Amino acid sequence: MKKIILRLDLNTPINNNIILDTSKIDLVIDEIKRLTNKNIVTILSHQSENNSLDKVEIYIRKKLNKNQNQNLTILENTKLLKGETEKPSNKDYKNLVKYFSQFGEEYINDAFQTMHRNYASVVGLPLYFKKLNRKVSMGTFSKKEIKKLSKFTSNLNNKKNKNLLILGGAKVETKLNIALKLLKNNIKIFISGVSANHILKEILNINIGNSFIEKNFSINKKDSKIMESYNKFKDKY
């Protein structure tokens, strides 16, 4: 049987040892089942706040049959491993890539939500595999997401564009930059969650009470791009 390394994004909210949202896991269960039917599979994934993947592993294994479970190994949260989030030139980063490489002869990335991260398990490992002439490919879920995204981006320059982009969640700086770029393409943007909290508090000076904001980020009102975009589009819709 072929040995495959499957990079997934199983990062899920956990409270009191209970998974609050299994949607990310459920999206890739079929892929895990398909691959473990006839291959030895090692899953790499991170989990936020240095949490263990124990509860996630239990959830996944309950979805698999005996044969699939025997063919599956899920490594611990990659962010707990020294070097995962370091720079590619870092010694620990390079050593971790080599450590990961022993688990497979093929690498599949189905962690669409994490592909932009320069982690050892996301970027360093597939680059190393290519040097070794080992197969590197994209997973089923990621292919579907990219196809949907391509359909969206292909229509960006259309003046009759009626797309609505909904932005929410954390990592405000990344989302704000995306919003600023897309506003130029006549796209309506609905901003919610933490991103909206920052705008309400820091630009509109509205009291948001105990609503969550990112401690290490604040909107720079001196940034001309941000304020120009706000003043241009605040009364448009």
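Shown above is the structure to which this text applies.
Residues numbered from 1 in each chain as written. Predicted model: local features only at pLDDT ≥ 70, side-chain atom pairs only at ≥ 80, totals over all residues. Heavy atoms only, no water.

A. Here's a closer look at the overall build of the protein chain. Secondary structure summary: the protein chain contains nine helices and nine strands in total. The buried share of the protein chain, taken over its 237 residues, is 39%. The long-range share in the protein chain, meaning contacts at least 24 apart out of those at least 6 apart in sequence, stands at 69%. Each charge class in the protein chain can be summarised by its mean position, and for the 44 positive and 22 negative side chains these summaries are 6 Å apart. (Helix = DSSP H or I, 4+ residues; strand = E, 2+ residues; numbered from the N terminus. Buried < 20%, exposed > 50% of the residue type's maximum accessible area, 1.4 Å probe, protein only. Contact = heavy atoms within 4.5 Å. Lys, Arg positive; Asp, Glu negative; His and termini not counted. Charge placed at Lys NZ, Arg CZ, Asp CG, Glu CD.)

B. Local environment of helix α7 (residues 172–183). Here α7 spans 16 Å end to end across twelve residues, near enough to the 16 Å set by a 1.5 Å rise per residue. Every buried residue of α7 is listed here: Val172, Lys175, Leu176, Ala179, Leu180, Leu182 and Leu183. (Expected span 1.5 Å × (residues − 1).)

C. Expanded view of unusual backbone geometry. Residue asparagine 16 is not a glycine yet carries a positive backbone phi of 55°. Tracing the chain through its elements places asparagine 16 in the loop between β2 (14–15) and β3 (18–19).

D. Spatial organisation of the pairing of strand β6 (residues 106–109). Neither face of β6 is open: one carries Glu106 and Ile108, the other Tyr107 and Asn109, and all of them are buried. In the sheet, strand β1 (residues 2–7) pairs with β6 via four bridges, with the strands oriented parallel. Considered in β6, the bridge of isoleucine 5 is made with tyrosine 107. Here β6 runs beside strand β7 (residues 135–138); their pairing, made up of four bridges, is parallel. In the sheet register, tyrosine 107 faces β7, and the bridge partner there is valine 136. Traced from β6 through helix α5 (residues 120–131) to β7, the parallel crossover comes out right-handed. (Pairing = 2+ DSSP bridges. Right-handed = clockwise from strand over helix to strand, strands pointing away.)

E. How the structure looks around the packing of helix α4 (residues 91–101) against α5. The geometry of α4 relative to α5 is characterised by a closest axis approach of 9 Å and an angle of 70° between their N-to-C directions. Compared by their axis directions, α4 and α5 come out roughly perpendicular. Viewed along their axes, α4 and α5 form a crossing whose handedness is right-handed. Of α5, the residues touching α4 (which contributes Tyr93, Leu96, Val97, Lys98, Phe100 and Ser101) are Ala120, Ser121, Val123, Gly124, Leu125, Tyr128 and Phe129. Looking at the contact of α4 with α5 residue by residue, the classes come out as nine nonpolar, three polar and one charged. (Axes fitted to C-alpha atoms, helices over the stretch in contact; angles between N-to-C directions. Parallel < 35°, antiparallel > 145°, perpendicular 65-115°, else oblique. Left-handed = near helix turned anticlockwise from the far one by under 90°. Nonpolar A, V, L, I, M, F, W, Y, C, P; charged D, E, K, R; others polar.)

F. The arrangement of the pairing of strand β4 (residues 39–44) in detail. With five of six residues buried, β4 lies mostly within the body of the structure. Inspection of the sheet shows β1 paired to β4 by six bridges, in the parallel sense. Among the inter-strand pairings, lysine 3 is bridged to a residue of β4, identified as isoleucine 40.

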